[in-house]
Amino acid sequence: MPATSSSPAYTLAHSKDAPLDPPPLHTRLREEQPITRVSLHDGRRHPWLVTRWEDARTVLGSPAFSTDITLPNAPIVREGQPRGPLGFFQGYDDPIHATMRRTLTREFMVKRVNALRPGIARLTEELLTDMTKHNGPVDFVEHFSLPLPSLVICELLGVPYEDHGFFQEQSGIIVNVKATGEEAARAITTLGEYLVELVRAKRATPGDDVLTRLAAQADEGIISDQDAADLGSFLLFAGHETTANMIALSTITLLQNPDQIPYLLGGPEQATASVEELLRYLSVVHFGLRRTALEDVTVGDVTIPKGDGVIISLSVANRDPEFYTAADDLDLARANARQHLAFGYGIHQCLGQPLARAELQIVMPELFRRLPDLKIAVPPEEIAFKQNTSVYGVLELPVTW
Ligand code: HEM
């Protein structure tokens, strides 16, 4: 099929009646044309949209697709969007990607992540205590779902306790869609400079943390201090808003499906299963993953020509009725939920997923155990869902308990 300006315009618009479901355009295309061209905002690019679970895995698992957004037809969202410094290895293919990813793989091994669990439980407890000191409705996003992942990343990186307030403030500006581009850019620079200083300070006062170990890799000449700081920023960007939105949207989802809360509270195994189903059901990376074909590749019954851009819509792939029974229903006990693609698939599959899972497995049951009367303080139609952001979520969520 040739590139055509009559291809459906790519949009992330949600249905007002079903804001937790994937964008309706994506669902319709999965049923009618599971691999088809769409037009991006500039009207010049016509990447393919891949919407079925099976096809999404094929594309994401294939070395014939690149994540390099500097390729001419890469489905970029904004003009001039930078690929980012060396640390942002998600935008590189192997072997550069593999070399950079290797500097961090040990940090997300089960043993390391398990060592972070008591800290996550403590932070959950402290934030809930602080939140419930207020009377009346408070914004759950500001008081709980946004600060929690930011503070967990502080622990992961080894940000000293006295700097937590500063770190949280700057990272809050970066992910705040209400901040101006200038404010966000200033916060990125400020945090970047802070992290380079912190990498250097770790040599004098080492800790059991990521930046200390990255400083050691810099001493061995594997990376530079700047790379170490960039990797720290990358972890913050990759792990902050994604996890924060998962916490907020999971809370809304569970409050709308209260019959499922007892399953979540049924013990660690049930909490683990519940988190997989919430990840599948919500698939917060709504823009989809972006790739460019490096050669002609046949996926399903379509041949994607070399050089064409591709967007893989995780949110509809994870609701594919050919793979999941009653795919649009939330079923915390669903047996095959863990095969979801919410963390991607293939060489770029989310590096931080063991940490994200640990956070959600601790936070979600604790929230409903501690606040059994938790309620959203506005009518459902007034919940401020984000529109057209790559990670789906809510701008704010007033709650009472
Ligand atoms: C629920 C929370 C999260 C979700 C839904 C999520 C989702 C994703 C997805 C879909 C990708 C694949 C990108 C692609 O293939 O183009 C990815 C990559 C990545 N994520 Fe996550 N993520 C989450 C939390 C985290 C956390 C907590 C961290 C670390 C602190 C993290 C670090 C990364 C990194 C480093 C990559 C790049 C991997 C690579 O290119 O090799 N993520 N994430």
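Here goes a summary of the coordinates provided. Keep in mind that what you see is a predicted model, and the values were worked out from it rather than measured. Counting of residues starts from 1 at the beginning of each chain's written sequence and follows it residue by residue. Totals for whole chains, interfaces and linings use every residue, but because this is a predicted model, local features are given only for residues with pLDDT of at least 70 and side-chain atom pairs only at 80 or more, for both listing and counting. With hydrogens and water set aside, each side-chain value is computed from the structure's full complement of heavy atoms.

1. As for the overall build of the protein chain
Selection criterion: What counts as a helix is a DSSP run of H or I of at least four residues, what counts as a strand is a run of E of at least two, and both are numbered from the N terminus. Here the radius of gyration uses the C-alpha set of atoms, whereas the globule reference equals 2.2 Å times the residue count to the power 0.38. What makes two residues a contact is simply this: any of their non-hydrogen atoms within 4.5 Å.
Scanning the protein chain for helices and strands turns up 14 helices and twelve strands. For the protein chain, the C-alpha radius of gyration of 21 Å lies close to 21 Å, the compact-globule estimate for 401 residues. Each principal axis of the C-alpha atoms in the protein chain carries an extent, and together these give about 60 × 55 × 40 Å. Restricting to contacts in the protein chain with at least 6 residues of sequence separation, those with at least 24 account for 70%.

2. Looking at the packing of aromatic side chains
Each aromatic ring pair is characterised by the separation of its centres together with the angle its planes make. Rules: Centres within 6.5 Å are what make two rings of Phe, Tyr or Trp a pair, Trp counting through its six-membered ring; a difference in plane orientation under 30 degrees is then read as stacked, over 60 as edge-to-face, and the rest as tilted. Here the term buried applies to any residue with accessible area under 20% of the maximum for its type, exposed to any over 50%, and partly exposed to those in between, with areas from a 1.4 Å probe on protein chains only.
The tally for this structure, following the rule as stated, stands at seven aromatic pairs. Each ring, one from W53 and one from F323, has its centre 3.6 Å from the other, and the planes form 5 degrees; the classification is stacked. Linking W53 in helix α2 (residues 53–60) with F323 in the loop between α13 (314–317) and α14 (353–370), this pair joins segments that are 270 residues apart in sequence. The exposure class assigned to W53 is buried, which follows from its relative accessible area of 4%. Between the aromatic rings of F89 and F234, the centroid separation amounts to 5.0 Å while the plane-to-plane angle is 90 degrees, which identifies the pairing as edge-to-face.

3. Some remarks on the pairing of strand β8 (residues 309–312)
As a reminder of what qualifies: Two strands form a pair only when DSSP identifies at least two bridges running between them.
Side chains of β8 alternate between two faces, with G309 and I311 and V310 and I312 buried alike. Two strands pair when backbone bridges link them, and strand β2 (residues 48–50) and β8 are joined in this way by three bridges, in the parallel orientation. Paired with W48 across the bridge in β8 is V310. Relative to β8, strand β5 (residues 289–293) runs antiparallel, the two sharing four bridges. What sits directly across from L289, in β8, is I312.

4. Quick word on unusual backbone geometry
A cis amide bond links D94 to the next residue, P95, at an omega of 10 degrees. Notably, S283 is not glycine yet its phi reads approximately 35 degrees, a positive angle. Within the element layout of this structure, S283 appears in the loop between α12 (268–282) and β5. Positive phi, normally seen in glycine, also occurs at A326, with a value near 45 degrees. Along the chain, the position of A326 falls in the loop between α13 and α14. The class for A326 is partly exposed, based on a relative accessible area of 45%.

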